[in-house]
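In case you want the letters, here they are:
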2 protein chains.
Amino acid sequence: MKELYVDLGERGYPIYIGQDLLARRDLVVSKIAGKQVMIVTNTTVGPLYLEKVKALFQGFDVDTVVLPDGEQYKNLDTLNLIFDALLAAKHSRKTTLVALGGGVIGDMTGFAAACYQRGVDFIQIPTTLLSQVDSSVGGKTGVNHARGKNMIGAFHQPKLVLIDTNTLNTLPQREISAGLAEVVKYGFIRSPAFLTWLNDEMGALRDLDPGALTHAIYTSCQCKASVVAEDEKEADVRAILNFGHTFGHAIETFMGYGNWLHGEAVGAGMAMALDLSMRHGWISLPEYEWSVDLIRKAGLPVFPPEEMTPEHFIELMSVDKKVLDGSLRLVLLMSLGFAEVTGKFNSDLLQQTLGKSDN
Amino acid sequence: MKELYVDLGERGYPIYIGQDLLARRDLVVSKIAGKQVMIVTNTTVGPLYLEKVKALFQGFDVDTVVLPDGEQYKNLDTLNLIFDALLAAKHSRKTTLVALGGGVIGDMTGFAAACYQRGVDFIQIPTTLLSQVDSSVGGKTGVNHARGKNMIGAFHQPKLVLIDTNTLNTLPQREISAGLAEVVKYGFIRSPAFLTWLNDEMGALRDLDPGALTHAIYTSCQCKASVVAEDEKEADVRAILNFGHTFGHAIETFMGYGNWLHGEAVGAGMAMALDLSMRHGWISLPEYEWSVDLIRKAGLPVFPPEEMTPEHFIELMSVDKKVLDGSLRLVLLMSLGFAEVTGKFNSDLLQQTLGKSDN
């Protein structure tokens, strides 16, 4: 087992990563302030792990709420089901919510915890690779709006993140790849050495080798924690975590939530950001090709959907949060392993990137 | 004009109180970070003051959203109308929301600001006496749930509160009285001197004398600010602000939101809390009678609805936020002008208080 402490002063918390952690009562019990626990999961993860997690919290007053599974349910209506369950079972301000599932469950449970009686504790038990490396650090919670992803939310830190790598054994290969998109991202924005390691170990990761997974998750969380520590409220530095995401969000919105996995859209989005960085001469052609190949080896698409035109991108990116008083800002690489948020890109080159296709 | 600065470090902000402040562009302009402003109001206040407030923000990109009026609309569905408007007009993370209306508008607009893109600025322009003395300080925002009031929300501080006492000229007398409930409350929990002043000036206040109103609003905000400064997150001290509210919330829930005004329920609730304090011998019978008379002079009920039984109260108070691991805690007076949160009350005496009626 590896442990990472996210140092945010009085809001700091530990992340535990390893095998068989769902049985480790000793790691969680001291983090529960009251007697009540509400486990929030979904119809896919519940049948697999709910009984195990209920046992983890034996001795507390445990209630559960099982939500429908899917990004399309990440909205205020589904959020209200959590509030319904909390109020029906008379949970007090001292309750602890437990998010058991992927990023959607984590984001909604965290947001429910941020808002229920104006803020209660919560614990993350992420069961997908994407949520393990992405949602464990940063405290971002929220839901989607019909007009844009993650438009409604809060910053709210968990008391503890428990990552049991065994839960990945039940995850479809396609979702492993989607998670690897964010893992690879950390290499691109912060660490050439991690990129090299990923290039060597991609096979082991896709085969779910526990040692390789633990290292990749630990390194990803550590990288994100260092970025977040520099800038907890995303005024500036933190925005580099959106590498590939502005293009990716446009792809997701265009395709309709849930048709492309988030990680798949980020894979193609990162390839586009790499392309634009290369067109500016900030990374070389060999670096670009090596990088795109790494994304491909993770099992991810490296081009947007064929039917998406540059006009689609421009339209969809204009409601993106990166619009700051009308000027689009993008996360681009200044060199391999070093990202920056910039509005200083050439719009003709952007058009070329948006117009590039698989053909 | 009087000015009060609420000192919360980097989240501190000024409250301006006086006549004709809706024309004072100089007070607001420096508080707007970006170019976009979204004024949120309702169908009652909008026709009276929206054009004036739009003029106040001339030169900015001003959008407006007009919500239905009433506590029954203080829910997630109405909140979503604010998000719809913000996204339809492509408001960025640098937007400023302006709450123009009473407590419902203030709470919902503040909560929308807390959640929109995980937090944007907002300005309060409260137009009811209740919201001027209650919502100006404390940063509490939120919406109701069918199972309980203010169960979903956030702490989010405004950049500025602008209180124009002229707006009270269009307020029904019944709502003036409801606002006076909170004014009187500050006397009960913190200041015997203010209680005496209120007893002398109650007539002037009900006649909307601008000088008396400005003093009462200023003193109320100052009192609340001093309580909140001691305990911004309501771990402990802040709960004394709920004097009369545990009983009051039960009355509101029993009657259905909107049938009794919040302040009316608080008036009766304070009388009940005074009754229970008197039964414990913490205040004397003459103090009790003088106090109840002050509530009555404010134009407020001093008994709960006849049809409410002690059993109704017990049932409805059990979902109240004051339930802490199963033990009810109440705000009671230890002497006139000094409140405490306590679980150490005699439950037989509570039963007597709950069973007391107008008959």
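Residues numbered from 1 in each chain as written. Chains lettered and ligands numbered in written order. Predicted model: local features only at pLDDT ≥ 70, side-chain atom pairs only at ≥ 80, totals over all residues.

What to know about the overall build of chain A
- Looking only at helices and strands, chain A features 13 helices and 13 strands.
- Its C-alpha atoms give chain A a radius of gyration of 20 Å, near enough to 21 Å, the size a compact globule of 359 residues would have.
- Each principal axis of the C-alpha distribution contributes one length, and for chain A these read about 60 × 40 × 35 Å.
- In chain A, which comprises 359 residues, the share counted as buried stands at 51%. (Helix = DSSP H or I, 4+ residues; strand = E, 2+ residues; numbered from the N terminus. Rg over C-alpha atoms; globule rule 2.2 N^0.38 Å. Buried ≥ 20, exposed ≤ 12 C-beta atoms within 10 Å, placed from the backbone.)

Overview of the relation of the copies chain A and chain B
- For the match of chain A to chain B, the screw axis carries a shift of 0.0 Å, the RMSD comes to 0.0 Å, and the turn is 180°. In symmetry terms, the pair is related by a two-fold rotation axis. Looking at the rotation axis and the C-alpha trace of chain A, the residue lying nearest is Leu76(A), at 3.6 Å.
- Counting the interface residues of chain A, we find that 100% of their copies in chain B are interface residues as well, pointing to one common contact surface. (Least-squares fit on C-alpha atoms with pLDDT ≥ 70 in both. Contact = placed C-beta atoms within 7 Å.)

Examining the sheet that holds strand S5 (residues 96–101) of chain A
Residue and element names in this part refer to chain A.
- Spatially, 7 strands are ordered S1-S2-S9-S6-S5-S3-S4 in an open sheet, and the strand pairing comes out mixed. Both outer strands of the open sheet, strand S1 (2–6) and strand S4 (61–67), are each paired with one neighbouring strand and no more. On average, each strand axis in the sheet is tilted by 15° relative to the strand beside it, whichever way the strands run.
- As judged from the 7 bridges shared by strand S3 (residues 36–42) and S4, these two strands associate in the parallel manner. Following the sheet pairing, Gln-36 is matched in S4 by Asp-61.
- Against the sheet, helix H8 (residues 210–230) makes contact with S1, strand S2 (13–18) and strand S9 (160–164), and its axis sits at roughly 10° relative to S1, the strand it touches most. (Pairing = 2+ DSSP bridges. Axes fitted to C-alpha atoms, helices over the stretch in contact; angles between N-to-C directions.)

Side note on the interface of chain A and chain B
- In this assembly, 30 residues from chain A lie in contact with 31 residues from chain B.
- Elements represented by at least two residues in the side of chain A that touches chain B include exactly helix H3 (76–88), helix H4 (103–115), strand S7 (140–145), strand S8 (148–155) and strand S10 (323–324) of chain A.
- Per element, the largest residue contribution to the side of chain A that touches chain B is 6 residues, and it comes from S8(A).

Quick notes on the domain arrangement of chain A
All names here are of chain A.
- By domain assignment, chain A separates into domain 1 (2–170) and domain 2 (177–355).
- Contact residues are listed per partner, giving 29 residues for domain 1 and 26 residues for domain 2.
- Mapped by element, the contributors of at least two residues to the side of domain 1 that touches domain 2 are S1, S2, helix H5 (129–134) and S8.
- At 5 residues, H5 tops the list of elements feeding residues into the side of domain 1 that touches domain 2.
- Considering only residue class, the side of domain 1 that touches domain 2 consists of 11 nonpolar, 12 polar and 6 charged. (Domains from an automatic or database assignment. Nonpolar A, V, L, I, M, F, W, Y, C, P; charged D, E, K, R; others polar.)

A short note on the packing of helix H6 (residues 173–190) of chain A against helix H7 (residues 192–206) of chain A
Residues and elements named next belong to chain A.
- At their nearest, the axes of H6 and H7 sit 10 Å apart, and the two run at 165° to each other. Here H7 runs roughly antiparallel to H6, going by the angle between their axes. The two elements H6 and H7 meet at a crossing, and its hand is right-handed. Of the residues in H7, those in contact with Ile-176, Leu-180, Val-183, Val-184, Tyr-186, Gly-187 and Phe-188 of H6 are Phe-194, Leu-195, Leu-198, Leu-205 and Arg-206. (Parallel < 35°, antiparallel > 145°, perpendicular 65-115°, else oblique. Left-handed = near helix turned anticlockwise from the far one by under 90°.)

Comments concerning the sheet that holds strand S1 (residues 2–6) of chain B
Residues and elements named next belong to chain B.
- Spatially, 7 strands are ordered S1-S2-S9-S6-S5-S3-S4 in an open sheet, and the strand pairing comes out mixed. Two strands in the sheet have a free side with no partner beyond their single neighbour: S1 and strand S4 (61–67). Geometrically, the sheet is characterised by an average inter-axis angle of 15° between neighbouring strands, direction not taken into account.
- Examined bridge by bridge, strand S6 (residues 121–126) and strand S9 (residues 160–164) share 2 bridges and lie parallel to one another. Paired with Gln-124 across the strands is Val-161, a residue of S9.
- The strands touched by helix H3 (residues 76–88) within the sheet are strand S3 (36–42) and S4, with S4 carrying the most contacts at an inclination of about 155°.

Notes on unusual backbone geometry
Residues and elements named next belong to chain A.
- A positive phi is found at Arg-118, a non-glycine position, where the angle reads about 65°.
- Inspection of the secondary structure assignment puts Arg-118 in the loop between H4 and strand S6 (121–126).
- One non-glycine residue with positive phi stands out, namely Asn-150, at about 50°.
- Within the secondary structure, Asn-150 is located in strand S8.
- Judged by the 18 C-beta atoms lying within 10 Å of it, Asn-150 is partly exposed.

Re the packing of H7(A) against H8(A)
Residue and element names in this part refer to chain A.
- H8 packs onto H7 with a crossing angle of 145° between their chain directions and a minimal axis gap of 10 Å. For the pair H7 and H8, the sense of crossing is left-handed. Contacts between H7 and H8 pair Phe-194, Glu-201, Ala-204 and Leu-205 from the former with Ala-212, Leu-213, Ala-216 and Thr-219 from the latter.

Observations regarding the pairing of S5(A)
Residue and element names in this part refer to chain A.
- Among the 6 residues of S5, 6 are classified as buried, and the element is accordingly described as predominantly covered.
- For S3 and S5, the ladder comprises 4 bridges, and the chain directions are parallel. The residue bridging Met-38 from the neighbouring strand is Leu-97, located in S5.
- Across 6 bridges, the pairing between S5 and S6 is parallel. Paired with Thr-96 across the two strands is Asp-121, which belongs to S6.
- Handedness of the crossover is the feature at issue here: the chain leaves S5, passes through H4, returns alongside S6, and the resulting connection is right-handed. (Right-handed = clockwise from strand over helix to strand, strands pointing away.)

What to know about the pairing of S3(B)
- Within S3(B), 7 of the 7 residues are buried, which leaves the element mostly enclosed by the surrounding structure.
- Chirality of the crossover, the property in question, places the unit of S3(B), helix H2 (residues 46–56) of chain B and S4(B) among those that are right-handed.

Overview of the confidence of the model for chain A
Residue and element names in this part refer to chain A.
- Considering every residue of chain A, the mean pLDDT works out to 93; 95% of them sit at 70 or more.
- Note that pLDDT drops below 50 for residues 320–324; the model gives that stretch 14 contacts with residues more than four away or on any other chain.
- Interface confidence in the predicted complex, given as ipTM, is 0.85; pTM for the same model is 0.87. (pLDDT = per-residue confidence, 0-100.)

Side note on the nonpolar core
- Val40(A), Val98(A), Val40(B) and Val98(B) are the most contacted members of the largest nonpolar core, which has 219 residues in total.
- In this structure, Val40(A) is in contact with Val65(A), Leu67(A), Ile82(A), Leu97(A), Val98(A), Ala99(A), Leu100(A), Ile105(A) and Thr109(A), ignoring residues within four places of it in sequence. (Core = buried A, V, L, I, M, F, W, Y, C linked by C-beta atoms within 7 Å.)

What about helix H10 (residues 262–279) of chain A?
- Under the 1.5 Å per step criterion, the end-to-end length of H10(A) is 25 Å for 18 residues, consistent within 8% with the ideal 26 Å.
- Extensive coverage of H10(A) is indicated by the burial of 17 of its 18 residues. (Expected span 1.5 Å × (residues − 1).)

Topic: the environment of Met334(A)
Residues and elements named next belong to chain A.
- Tracing the backbone through its elements, the reader meets Met-334 in strand S12 (residues 330–335).
- Note: C-alpha distance between Met-334 and Ile-189 (145 residues apart in sequence) is 9.4 Å.
- Non-local contacts of Met-334, meaning those with residues more than four positions away in its chain, are made with Trp-282 and Glu-340.

Some words on the environment of Met270(B)
All names here are of chain B.
- One can find Met-270 in helix H10 (residues 262–279).
- Residue class for Met-270 comes out buried when judged on the 29 C-beta atoms lying within 10 Å of it.
- For the pair Met-270 and Asn-199, spaced 71 residues apart in sequence, the C-alpha to C-alpha distance is 16 Å.
- Those residues in contact with Met-270 that lie beyond four places of it in its chain are Lys-185, Phe-188, Phe-243, Gly-244 and Ile-295.

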